[in-house]
Amino acid sequence: MLVKDCFVSAPGKAILHGEHAVVHGKVALAVSLNLRTYLQLKATTTGKVCINLPNIDTFLCWSLCCVLLLITARREEVKLLDSELVRRLREFVGVTNGNLDTGNMATLAFLYIYLSLFGSGELPSLTVSVWSELPTGAGLGSSAAYSVCLAAALLCASGAIHTPLKELDHTARWCQEELELINSWAFQGEMIIHGNPSGVDNAVGTWVPRSTKVLVARVKDKINKFPSIMTPVLDSVDAISCTCEKVLSEMTCEPITGEHYNILEELIDINQHHLNVMGVGHPALDTLCQVTLTRGLHSKLTGAGGGGCGITLLRPETDAFVVQSTVQDLRDCGFDCWETSIGGPGVQQHSPSSIKKEVLEILNQY
């Protein structure tokens, strides 16, 4: 089978508001981050299929004849997970005893999509290498960005979707129908990695939608226990999400003013208090909010809460000294910091010249 080399990337995600508000139709507001995961797929003649994940020190190769024995049947449609294939892959990778670390889960997702798409036909000899700007396990959608990249690259390699990049293009995206297929296969990867994902993260990585839905069991328990107390809180978070979406929409079609940022800052503060009421806060996140507030900045948790990650809003006029000082203050408290923007493009194919030099150097090592 003739397979073409390709580069693809997909963004991470942040939940701006309403992480745990989607109960009885409540809305959460998710956006993409301009921190991306990059994947390079290379056709080879080694008779092997290889996966290189330097972020998590995972480097594996298998002969095609060994991998071929795992195939159950070619899957033309994306529906439920093929439980028999998952079982075989778990045995093959050696995770039957619950050794489900990040590397094992990423490996399972790769092999599952690879074998499902190429089926019992001629398996291509190829090497997939992935490098991510996203931290793992921080609630920023790193596994979904990985799954989206896998799905896009392997669907292209299998011929299930076309290669959108034309000569002289730097980047290109797929049509809506093909994005639907990418998203469906990415969700399969997310199910392998997380078991029961919401579908939010892979949707953001594919399309960058603005409204998505998330539900966490701890919040649900509080709602059941204190319905008359928690329902108004959820109504308020729903209103925060809708107000934030309205403000962000205004900022894309009219001159941006200080009042826009004033509203966003107030919404961040209110929502963070709500999240503590809902029981998903954490002392570390309280520290984050206090440290940034001393510099005049506003922060809240993003993702599932209980630790994890927070986001801090930077106005355009924020002085570089304030940013640098805040970053140092946070690092002194044991935090890692990344500066980025929101609203980047979803999954896309790249020409080599459009890949950041430092990322390209890493990927070309494999």
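Per an unreviewed UniProt entry, the chain goes by the name mevalonate kinase and belongs to Lates calcarifer. The heading Sequence similarities (unreviewed entry) in the UniProt record of the chain holds the text "Belongs to the GHMP kinase family. Mevalonate kinase subfamily." Database annotation for the chain, UniProt heading Subcellular location (unreviewed entry): "Cytoplasm".

Draft legend 1. Highlighting unusual backbone geometry. One non-glycine residue with positive phi stands out, namely Asp57, at about 50 degrees. Summarising the element assignment, Asp57 is placed in the loop between strand E3 (48–53) and strand E4 (58–63). For Leu168, which is not glycine, the phi torsion reads 80 degrees and is therefore positive. Within the fold, Leu168 resides in the loop between helix H4 (142–158) and strand E6 (171–172). In this structure Leu168 comes out as exposed when scored by relative accessible area, which is 78%.

Draft legend 2. Structural context of the pattern of salt bridges. Enumeration over the complete set of coordinates arrives at nine salt bridges. Lys13 is paired through a salt bridge with Asp201; the nearest N and O atoms lie 3.4 Å apart. With Lys13 in strand E1 (residues 6–17) and Asp201 in helix H6 (residues 200–207), this residue pair connects regions lying 188 residues apart in the sequence. Like Lys13, the residue Asp201 is buried in the burial classification. Here Glu265 and Arg315 are joined by a salt bridge, their closest N and O atoms 3.0 Å apart. Placement of Glu265 in helix H9 (residues 258–277) and of Arg315 in the loop between strand E9 (309–313) and helix H11 (320–332) is noted, with a sequence separation of 50 residues between them.

Draft legend 3. Region of interest: the packing of helix H8 (residues 227–253) against H9. Orientation of H8 relative to H9, taken along the N-to-C sense of each, is 155 degrees, at an axis distance of 10 Å. Accordingly, the angle class assigned to the pair H8 and H9 is roughly antiparallel. The two elements H8 and H9 meet at a crossing, and its hand is left-handed. Contacts between H8 and H9 pair Val233, Ser236, Val237, Ile240, Thr243, Cys244, Val247, Leu248, Glu250 and Met251 from the former with His260, Tyr261, Ile263, Leu264, Leu267, Ile270, Asn271, His274 and Val277 from the latter. Residue composition of the contact of H8 with H9, grouped by class: 13 nonpolar, five polar and one charged.

Draft legend 4. How the structure looks around H6. Most of H6 sits out of view: seven of its eight residues are buried. Among the residues of H6, Val200, Asp201, Asn202, Ala203, Val204, Gly205 and Thr206 are the ones counted as buried. Phi for Val208, located one or two positions after H6, is positive at around 65 degrees.

Draft legend 5. Representation of the packing of aromatic side chains within the structure. All told, the structure shown has four aromatic pairs when counted by the stated rule. With a centroid separation of 6.1 Å and 45 degrees between ring planes, the pair formed by Trp62 and Phe92 is classed as tilted. Linking Trp62 in strand E4 with Phe92 in helix H2 (residues 83–93), this pair joins segments that are 30 residues apart in sequence. Ring centres of Phe110 and Tyr114 lie 5.9 Å apart, and the angle between their planes is 25 degrees; this geometry places the pair in the stacked category. You can see Phe110 and its partner Tyr114 sitting in helix H3 (residues 102–118), four residues apart, about one turn around the helix. Overall, the relative accessible area of 0% leaves Tyr114 in the buried class. An aromatic cluster of at least three residues, connected via ring pairs, comprises Phe110, Tyr114 and Phe118.

What counts as what
- Residues numbered from 1 in each chain as written.
- Predicted model: local features only at pLDDT ≥ 70, side-chain atom pairs only at ≥ 80, totals over all residues.
- Heavy atoms only, no water.
- UniProt positions renumbered as here; feature names shortened; annotations may be inferred.
- Helix = DSSP H or I, 4+ residues; strand = E, 2+ residues; numbered from the N terminus.
- Buried < 20%, exposed > 50% of the residue type's maximum accessible area, 1.4 Å probe, protein only.
- Salt bridge = Lys/Arg side-chain N within 4 Å of Asp/Glu carboxyl O.
- Axes fitted to C-alpha atoms, helices over the stretch in contact; angles between N-to-C directions.
- Parallel < 35°, antiparallel > 145°, perpendicular 65-115°, else oblique.
- Left-handed = near helix turned anticlockwise from the far one by under 90°.
- Contact = heavy atoms within 4.5 Å.
- Nonpolar A, V, L, I, M, F, W, Y, C, P; charged D, E, K, R; others polar.
- Phe/Tyr/Trp six-rings, centres within 6.5 Å; stacked < 30°, edge-to-face > 60°.

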